[in-house]
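Notes for the structure review
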Amino acid sequence: MGRLFLVNLEGKSYSCRHCKTNIALCDDVVSKSFQSRHGKAYLFSKVANVYAGKKEDRMMMTGMHTVVDIYCVKCGSYVGWRYEFAFEKNQKYKEGKSVLERYKVCGPDGNNYWVAAAQEVEAGESDTDE
């Protein structure tokens, strides 16, 4: 295996839950209202330090899309997916953008989504965005 080169992200960022590699900047969040099979997910205009799996057509909540799963370049953990093509005209804005599943990444303050969500539930609060 060759030498691993990581992109250093300047500023507040989301990182891989397993190895803490920076993946996306807070400034690149497009939407925090996405859902995945495992809960909350965020749409980003760009991500770094990931590699893509095979393209596949997938039926999503908003219609058919061609997507690739994305993985942390350092540890290989699944972190989300990237939209390659949207079949619906009103979904074209997603093309080229990536979705990170919150349970697979740490927030900009280093918090783990599952830990933070569990603490909010215990405290009787609702699940709010960071």
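Given the structure is predicted, the values throughout are model-derived calculations rather than measurements. Throughout, residues of each chain are indexed from 1 in the direction in which the sequence is written. Since the coordinates come from a predicted model, pLDDT governs what is reported: local features require at least 70, and pairs of side-chain atoms require 80 or more to be given and counted, while whole-chain, interface and lining totals use all residues. Heavy atoms throughout the structure, all of them, feed into the side-chain values; hydrogens and water do not.

1. Some words on the packing of aromatic side chains
Between the rings of Phe, Tyr and Trp (Trp by its six-membered ring), a pair exists once the centres lie within 6.5 Å; its type follows the angle of the planes, with under 30 degrees stacked, over 60 edge-to-face, and the other angles tilted. This structure, assessed with the given rule, holds 6 aromatic pairs. Ring centres of Y14 and Y42 lie 5.8 Å apart, and the angle between their planes is 85°; this geometry places the pair in the edge-to-face category. With Y14 in strand β1 (residues 13–16) and Y42 in strand β4 (residues 39–44), the pair connects residues that are 28 residues apart, well separated along the chain. Ring geometry for Y71 and Y78: centres 6.1 Å apart, planes at 70°, overall edge-to-face. Secondary structure elements follow DSSP: runs of H or I no shorter than four residues count as helices, runs of E no shorter than two count as strands, and numbering proceeds from the N terminus.

2. Description of the nonpolar core
Note on terminology: a nonpolar core comprises buried Ala, Val, Leu, Ile, Met, Phe, Trp, Tyr and Cys residues joined through side-chain atoms within 4.5 Å. Any residue under 20% of the maximum accessible area for its type is buried, any over 50% is exposed, and the rest in between are partly exposed; the area is computed with a 1.4 Å probe on protein chains only. Membership of the largest hydrophobic core is limited to 11 residues, which are Y14, C16, I23, A24, Y42, F44, I70, C72, V79, L100 and V105. Broken down by secondary-structure element, the contributors of at least two residues to this core are β1, β2 (22–25), β4 and β6 (63–72). Each residue touching C72, except ones within four places of it in the same chain, is listed here: C16, C19, T21, N49, Y51, S77 and V79. Among the nonpolar cores identified, the runner-up in size contains 9 residues, and V67, Y78, W81 and V99 belong to it. By the convention used here, residues are in contact when the closest approach between their heavy atoms is within 4.5 Å.

3. Regarding the sheet that holds β6
When DSSP finds at least two bridges between two strands, those strands are taken to pair. Taken in spatial order, the 6 strands make up an open sheet running β3-β4-β8-β7-β6-β5, and their pairing is antiparallel. The sheet terminates laterally at β3 (29–36) and β5 (50–60), the two strands that pair on one side only. In this sheet, adjacent strand axes meet at a mean angle of 30° when their direction is disregarded. Taken together, the 3 bridges between strand β7 (residues 78–86) and strand β8 (residues 98–101) define a ladder with antiparallel strand orientation. Bridge pairing links W81 to V99 in β8. Angles run from 0 to 180 degrees between N-to-C directions of axes, and those axes are lines fitted to C-alpha atoms, restricted for helices to the stretch in contact.

4. Side note on the layout of surface pockets
Summary: where empty space remains is shown by rolling a probe the size of a single water molecule over the atoms. By volume, the largest pocket amounts to about 330 Å³. Lining the largest pocket we find 17 residues, and of these Q35, S36, M60, M61 and W81 sit closest to its centre. Listed by contribution, the elements that provide at least two residues to the lining of the largest pocket are β3, β5 and β7. Considering every element that reaches the lining of the largest pocket, the biggest residue donor is β3, with 5 residues. Residue classes in the lining of the largest pocket are distributed as 8 nonpolar, 5 polar and 4 charged. For each structure, a 1 Å grid was placed over the protein atoms alone; sets of points admitting a 1.4 Å probe that cannot get out are labelled cavities, open sets with protein on both sides within 12 Å along at least five of seven lines are labelled pockets, and lining residues have an atom within 4 Å of a point. Grid points are joined across faces, edges and corners, and a volume is the space filled by probe spheres set on the points. Amino acids outside the nonpolar list (Ala, Val, Leu, Ile, Met, Phe, Trp, Tyr, Cys, Pro) and the charged list (Asp, Glu, Lys, Arg) are all regarded as polar, and Gly is one of them.

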